[in-house]
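These are the residues of each chain, in order.
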Amino acid sequence: MIKAFEQFIGSARWFGGKGLAFQVSDVRRVGTLGTADVDGTPYVGIELVTVDYDEGGAETYQVPVAYYAEPQERLEHALIGSWDDEKLGPVHAYDAMHDRAVTRLWLQAFNVGHSQDGLTFHRLTGHELDMDTHSTLFSGEQSNSSLAFGDDSLMKVFRKVTPGRNPDIEIHAALTEAGSEHVAALYGWLELDPTEETGGEPVQLAMLQQFLRTASDGWDLALASVRDLYAEADLRADEVGGDFGAESRRLGVATAEVHDALAAAFPSQQWGPAELSALADAMRSRLDAAVAAVPELAPYADPLRTIFDAVEQVTSRVVVQRVHGDFHLGQTLRTALGWKIVDFEGEPAKPLADRIAPDSPWRDVAGMLRSFDYAAHAVEADVEPELNENSQIAYRAREWASRNQDEFLAGYTEFSTRTPDGTVLPDQQVLLDAYQADKAVYETIYEARNRPDWIGIPLGAIKRLTAPAPHDRAGRTGADDVPEENS
Ligand SMILES: Nc1ncnc2c1ncn2[C@@H]1O[C@H](COP(=O)(O)OP(=O)(O)O)[C@@H](O)[C@H]1O
Ligand SMILES: O=P(O)(O)O[C@H]1O[C@H](CO)[C@@H](O[C@H]2O[C@H](CO)[C@@H](O)[C@H](O)[C@H]2O)[C@H](O)[C@H]1O
């Protein structure tokens, strides 16, 4: 049984320990849904699986399992394994997220605010759930698992769990209460009640929210715009039909509004020299770890350190607050009512304490600037798998990225209370540069573990961000970088 969970977790998209050697040391059933046996009727065990890494450290993953007495041909693709369960006897175990026959059990439990044996479904009032729906499992590149119930509600099942309030739930709750236009309304959440063992903290397992039915993924929209530009060899980014500039500007405005709403809902702090020094240290340490894992980073380590060292020269007090923490186009949805922002969990690899700590909103702005760069270069990598920074397509990629970075920043600075003059101040620019470089360093590790074919995207950005040649502060190279045919 342990081996079956090891294999299942090791190959799951949401597993954060990819590339690391690990063993499963414990599988603990913390809750059940459905009937008490597997005879004929499905039975769900909510299992918490402890993963011990050979290099040290452990993580806990949630695996809801549908147990059956008989093999289920329709669920063959979701088989975890077959074994003798202590309580249930011989079972065939399947990933419950794929099994529509059992996913309705979560919705039913949310609907009545079910609470039993330390497992509580919290339900917020104000929306009547549509119970007459089927679940559809999202298939994207996710750190968690999301199920849409018809076009009414969406349940996100958190995979890596830890005692303490989950920031995605916490922030959705606060912004829903504040009436923010830029998030999906929270409908409820599932948690293990606090115990002594969890230090008096709940372990939050899932959240239920409004399904944004008219939504288009920001990342997909951006890719479509880039493709449109590449198809029009003679037109500039602002001239093609699929120009994304106005959307980027509106996204900048929405981001500023969400930052203001977060500042109003949670306490803010001020950072002085000690905290800025700690920030620079954290960035330098992350760089050291990344250089050890991704040797191609080594030639850029010194100039990257210079960018991080500059953070210690910031003299103005820096106001910090709750932020998104892992902001990119894939966390944005364009609906008929404007941009919505999702997934406030922060970077999945960081410990909870770091993910909920106040940070500068410039971290989020930097994340989005990186994402525009990613969109342009991801399509470039598709068109021209051998990346060549001097090619025409590479020039156009930089052009698209610059235009949309500029528009996003313009929308942000026009509306943010942090930039009353509508411009980024010099100290803010130092932070923005450092956060961009730090994010690109993080991305090299992320890509090395998850999508090695894309590692050239953050590496290319790091090359540009650290280039001695003239470049503007969003890390973009200047006119002398234009290939001859465009100059
Ligand atoms: N409320 C929602 N309505 C519709 N789609 C959503 C909603 N929330 C998220 N999504 C979609 O689900 C995807 C994954 O959600 P996300 O919260 O980023 O999950 P993860 O934490 O697993 O990365 C998003 O990219 C978005 O396309
Ligand atoms: O969405 P998650 O919270 O799981 O974030 C992780 O995965 C992201 C990829 O899905 C990753 O984002 C990186 O790739 C994006 C394109 O797929 C790009 O838009 C982002 O700029 C880039 O950072 C994110 O870093 C990671 O934490």
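In this text the structure is predicted, and so the values were computed from the model without any measurement.

### Brief notes about the overall build of the protein chain
A tally of regular secondary structure across the protein chain gives twelve helices and 18 strands. Against the 2.2 N^0.38 benchmark of 23 Å for 487 residues, the protein chain shows a C-alpha radius of gyration of 23 Å, consistent with a compact globule. Considering only contacts in the protein chain between residues 6 or more positions apart, those separated by 24 or more positions represent 67%. When the accessible surface of the protein chain is summed, it comes to about 21,000 Å², and 50% of that surface belongs to carbon and sulfur atoms. If the 41 positive side-chain charges of the protein chain are averaged to one point and the 80 negative ones to another, these points end up 2 Å apart.

### Quick look at the site of ligand 1
Ligand 1 sits among 17 residues. The nearest are Gln142, Asn144, Lys156, Gln210 and Leu212. Between ligand 1 and Asp217, the relevant distance is 3.4 Å, taken from an oxygen atom to a side-chain nitrogen or oxygen of the residue. Here Gln331 contributes a side-chain N or O atom positioned 3.1 Å from an oxygen atom of ligand 1. The protein chains hide 89% of the 550 Å² of surface that ligand 1 would expose on its own. Among the residues forming the shell around ligand 1, the class breakdown is seven nonpolar, seven polar and three charged.

### Details of the sheet that holds strand 17 (residues 332-335)
Spatially, 14-17-18 is the arrangement adopted by the three strands of the open sheet, whose pairing is antiparallel. In the strand order of this sheet, the two ends are held by strand 14 (216-217) and strand 18 (338-341), each with one partner. Bridge count between strand 17 and strand 18: four bridges; the pairing is antiparallel. For Leu333, the partnering residue across the bridge sits in strand 18 and is Lys340. Here helix 5 (residues 245-265) sits on the sheet in contact with strand 17 and strand 18, set at roughly 50° to strand 18.

### Things to note about the side chain of Thr413
Residue placement: Thr413 occurs in helix 10 (residues 392-415). A residue is classified by how much of its surface remains accessible, and Thr413, at 6% relative accessible area, is buried. Reaching out from Thr413, the side chain makes a polar contact with the backbone oxygen of Ala410 at a distance of 3.3 Å. If we skip the residues at most four places from it in the chain, Thr413 touches Thr419, Gly422, Thr423 and Val424.

### Section: the confidence of the model for the protein chain
Across the protein chain, the average pLDDT comes to 91, with 94% of residues at 70 or higher. Confidence over residues 477-487 falls short of pLDDT 50; this stretch has 17 contacts with residues more than four positions distant or in other chains. As scored by the predictor, the complex reaches a pTM of 0.89 and an ipTM of 0.97.

### Some remarks on the site of ligand 2
Around ligand 2, the surrounding shell holds 16 residues, and the nearest of these are Ser143, Ser371, Tyr442, Glu443 and Tyr446. Between ligand 2 and the protein, one listed contact pairs an oxygen atom with a side-chain N or O atom of His328 at 3.1 Å. Calculation on ligand 2 without its partners gives an accessible area of 540 Å², and the protein chains cover 94% of this total. Mapped onto the shell around ligand 2, the elements with two or more residues apiece are helix 9 (361-383) and helix 11 (426-450). Residue contributions to the shell around ligand 2 peak at four residues, all from helix 11. Per-class residue counts for the shell around ligand 2 are six nonpolar, four polar and six charged.

### What to know about the packing of helix 9 against helix 12 (residues 456-465)
At a closest axis distance of 10 Å, the pairing of helix 9 and helix 12 adopts a crossing angle of 120°. The orientation of helix 9 relative to helix 12 falls into the category oblique. Along this stretch, helix 9 crosses helix 12, giving a crossing that reads as right-handed. Residues Arg370, Asp373, Tyr374, His377 and Ala378 of helix 9 lie in contact with helix 12, whose contacting residues are Ile457, Pro458, Ala461 and Arg464. In terms of residue class, the contact of helix 9 with helix 12 is made up of five nonpolar, one polar and three charged.

### Brief notes about the packing of helix 5 against helix 10
Put simply, helix 5 and helix 10 touch, their axes get as near as 7 Å, and they point 35° apart. In this structure, helix 5 meets helix 10 at a crossing whose hand is right-handed. Of the residues in helix 10, those touching helix 5 at Gly245, Ser248, Arg249, Leu251, Gly252, Val253, Thr255, Ala256, Glu257, His259 and Asp260 are Arg403, Asn404, Glu407, Phe408, Ala410, Gly411, Tyr412, Glu414 and Phe415. Class assignment for the residues of the contact of helix 5 with helix 10 results in seven nonpolar, seven polar and six charged.

### Some remarks on the sheet that holds strand 9 (residues 145-149)
Ordered in space as 6-7-12-13-10-9-8, the seven strands form an open sheet in which the pairing is antiparallel. The open sheet has two edge strands, strand 6 (115-116) and strand 8 (135-137), and neither has a second partner. Summarising the sheet, strand 7 (residues 119-123) and strand 12 (residues 186-192) pair through five bridges and their orientation is antiparallel. Each bridged residue has a counterpart across the sheet, and for Leu119 the counterpart in strand 12 is Leu192. With respect to the sheet, helix 2 (residues 100-112) is in contact with strand 7, strand 8, strand 9, strand 10 (153-157), strand 12 and strand 13 (203-210), its orientation differing from that of strand 7 by roughly 65°. Lying on the sheet, helix 3 (residues 167-177) is in contact with strand 10, strand 12 and strand 13; it crosses strand 13 at an angle near 40°.

Cut-off values and rules
- Residues numbered from 1 in each chain as written.
- Chains lettered and ligands numbered in written order.
- Predicted model: local features only at pLDDT ≥ 70, side-chain atom pairs only at ≥ 80, totals over all residues.
- Heavy atoms only, no water.
- Helix = DSSP H or I, 4+ residues; strand = E, 2+ residues; numbered from the N terminus.
- Rg over C-alpha atoms; globule rule 2.2 N^0.38 Å.
- Contact = heavy atoms within 4.5 Å.
- Areas by Shrake-Rupley, 256 points an atom, 1.4 Å probe, with all protein chains shown as cover.
- Lys, Arg positive; Asp, Glu negative; His and termini not counted.
- Charge placed at Lys NZ, Arg CZ, Asp CG, Glu CD.
- Near = heavy atom within 4 Å.
- Polar contact = N/O pair within 3.5 Å; in protein donor to acceptor, adjacent residues only side chain to side chain.
- Nonpolar A, V, L, I, M, F, W, Y, C, P; charged D, E, K, R; others polar.
- Pairing = 2+ DSSP bridges.
- Axes fitted to C-alpha atoms, helices over the stretch in contact; angles between N-to-C directions.
- Buried < 20%, exposed > 50% of the residue type's maximum accessible area, 1.4 Å probe, protein only.
- pLDDT = per-residue confidence, 0-100.
- Parallel < 35°, antiparallel > 145°, perpendicular 65-115°, else oblique.
- Left-handed = near helix turned anticlockwise from the far one by under 90°.

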